[in-house]
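Survey of secondary and tertiary structure
The lines below spell out each chain.
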Amino acid sequence: MGLFGLFGKSPKQREEEESQRRAQTEDLEIYSGMRVEVTSDDGRMFLVARLTGLRGDRAQLKPATEGSLLTTLEEPVLVTLRGYSSKENKAVIMKCTVRSGGKNLWQAEHLALIKRSNDRAFFRMGTSLAGKLAPLGQLNAPAEECRLLNISVGGTCISTGIRHNIGDKFLLWSKLTPDSEPIQVVCQIVRINERRYGSFEYGCRFLNLSEAEEERVLQIIFDMQRQGRT
């Protein structure tokens, strides 16, 4: 690296690069059994799977849901694995290549730990869907119209013309696909992005989502990707 390149980077960039170098030398076997989202470089989520049989830089991916965009691969494909380690209470991001393994399994090779952080982020699917919000703990409070700008298994970003506060909780309804029953989940505002013209965007996390509800959200995300919906 040239002198200009070294000093042209911010302290945050240098810190992230150093963190990646340290992460790549660490033992990965503590992540065996972790559920991961498998995404491509162009932003598609291929499948959700469990890391099994992790040895060194190799493992198997056992699908944890029925939805999948992976088909038989003739050549290995570079992907990103994003999971959450309950042992470390941290989000974990890894890179690897995957190829068909037979018997509903995928072989993960050349695993490299890229980052660990406190940000429990999930793959987000961009949307423009109508929804309704009803505040929790307020009897007979009217529901308000909103739009879902994206959705993940962990939460959603919504847009509405009414001002709310971080920490507010709501019951959210939305029909995510024309042929599906509306979802009904409890969510909490964790971030506010104020917009002009009286519109607000709220980053919300889902609360107490069951495994069956998570499975349903993931299945809907796969369906949206198959249909090319944004």
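Bear in mind that the values here come from a model prediction, so they are computed numbers and not experimental data.

Concerning the overall build of the protein chain
Of regular secondary structure, the protein chain possesses 3 helices and 12 strands. Looking at the protein chain residue by residue over its 230 residues, the buried ones come to 40%. Here the contacts in the protein chain between residues at least 6 apart in sequence split such that 56% fall between residues at least 24 apart.

Looking at the packing of aromatic side chains
For the structure on display, the rule yields 1 aromatic pair. Note on Phe 200 and Tyr 202: the rings are 6.2 Å apart at their centroids and 25° apart in plane angle, and the pair reads as stacked. By relative accessible area, Tyr 202 is classed as buried at 0%.

Here's the deal with the nonpolar core
Formed by 29 residues in total, the largest nonpolar core has its most connected members in Ile 151, Leu 172 and Leu 176. For this core, the elements supplying multiple residues, two or more each, are strand E2 (45–55), strand E7 (125–135), strand E8 (144–151), strand E10 (169–174), strand E11 (183–194), strand E12 (200–207) and helix H3 (211–227). It is H3 that provides the largest number of residues to this core, a total of 6 residues. Counting residues in each nonpolar core, the second largest holds 22 residues, with Leu 28, Ala 59, Met 94 and Trp 106 among its members.

Side note on the pattern of salt bridges
Taken as a whole and judged by the stated rule, the model has 5 salt bridges. Across the pair Glu 214 and Arg 35 runs a salt bridge whose closest N-O atoms are separated by 3.0 Å. Separated by 179 residues along the polypeptide, Glu 214 in helix H3 and Arg 35 in strand E1 (residues 35–39) bring together distant segments of the chain. The network of salt bridges with common partners includes Arg 58, Arg 99 and Glu 109.

Some words on the environment of Leu 81
Relative to the assigned elements, Leu 81 resides in strand E4 (residues 77–85). Residue Leu 81 is classed as buried on the basis of its relative accessible area, which comes to 0%. With 13 residues separating them in the primary sequence, Leu 81 and Met 94 have C-alpha atoms 5.0 Å apart.

With respect to the side chain of Glu 109
Note that Glu 109 resides in strand E6 (residues 105–117). Polar side-chain contacts of Glu 109 include one of 3.1 Å to the side chain of Arg 58. Contact partners of Glu 109, with chain neighbours within four places excluded, come to Asp 57, Arg 58, Cys 96, Thr 97 and Arg 99.

Things to note about the sheet that holds E11
Read around the closed barrel, the 6 strands follow the order E7-E8-E9-E12-E11-E10; overall the barrel is antiparallel. The mean angle between the axes of side-by-side strands here comes to 45°, regardless of whether they run parallel or antiparallel. Where E10 lies against E11, 6 bridges are found, and the strand directions are antiparallel. Bridging across to E11, Phe 170 finds its partner in Cys 187.

Points about the pairing of E12
For E12, a buried count of 7 out of 8 residues is recorded, marking the element as mostly surrounded by other parts of the structure. Across 6 bridges, strand E9 (residues 155–160) lies against E12 in antiparallel orientation. Residue pairing for E12: Ser 159 is matched across the bridge by Glu 201. What sits between E11 and E12 in their antiparallel hairpin is a turn of 5 residues, with Tyr 197 showing a positive phi close to 60°.

How each quantity is defined
- Residues numbered from 1 in each chain as written.
- Predicted model: local features only at pLDDT ≥ 70, side-chain atom pairs only at ≥ 80, totals over all residues.
- Heavy atoms only, no water.
- Helix = DSSP H or I, 4+ residues; strand = E, 2+ residues; numbered from the N terminus.
- Buried < 20%, exposed > 50% of the residue type's maximum accessible area, 1.4 Å probe, protein only.
- Contact = heavy atoms within 4.5 Å.
- Phe/Tyr/Trp six-rings, centres within 6.5 Å; stacked < 30°, edge-to-face > 60°.
- Core = buried A, V, L, I, M, F, W, Y, C linked by side-chain atoms within 4.5 Å.
- Salt bridge = Lys/Arg side-chain N within 4 Å of Asp/Glu carboxyl O.
- Polar contact = N/O pair within 3.5 Å; in protein donor to acceptor, adjacent residues only side chain to side chain.
- Pairing = 2+ DSSP bridges.
- Axes fitted to C-alpha atoms, helices over the stretch in contact; angles between N-to-C directions.

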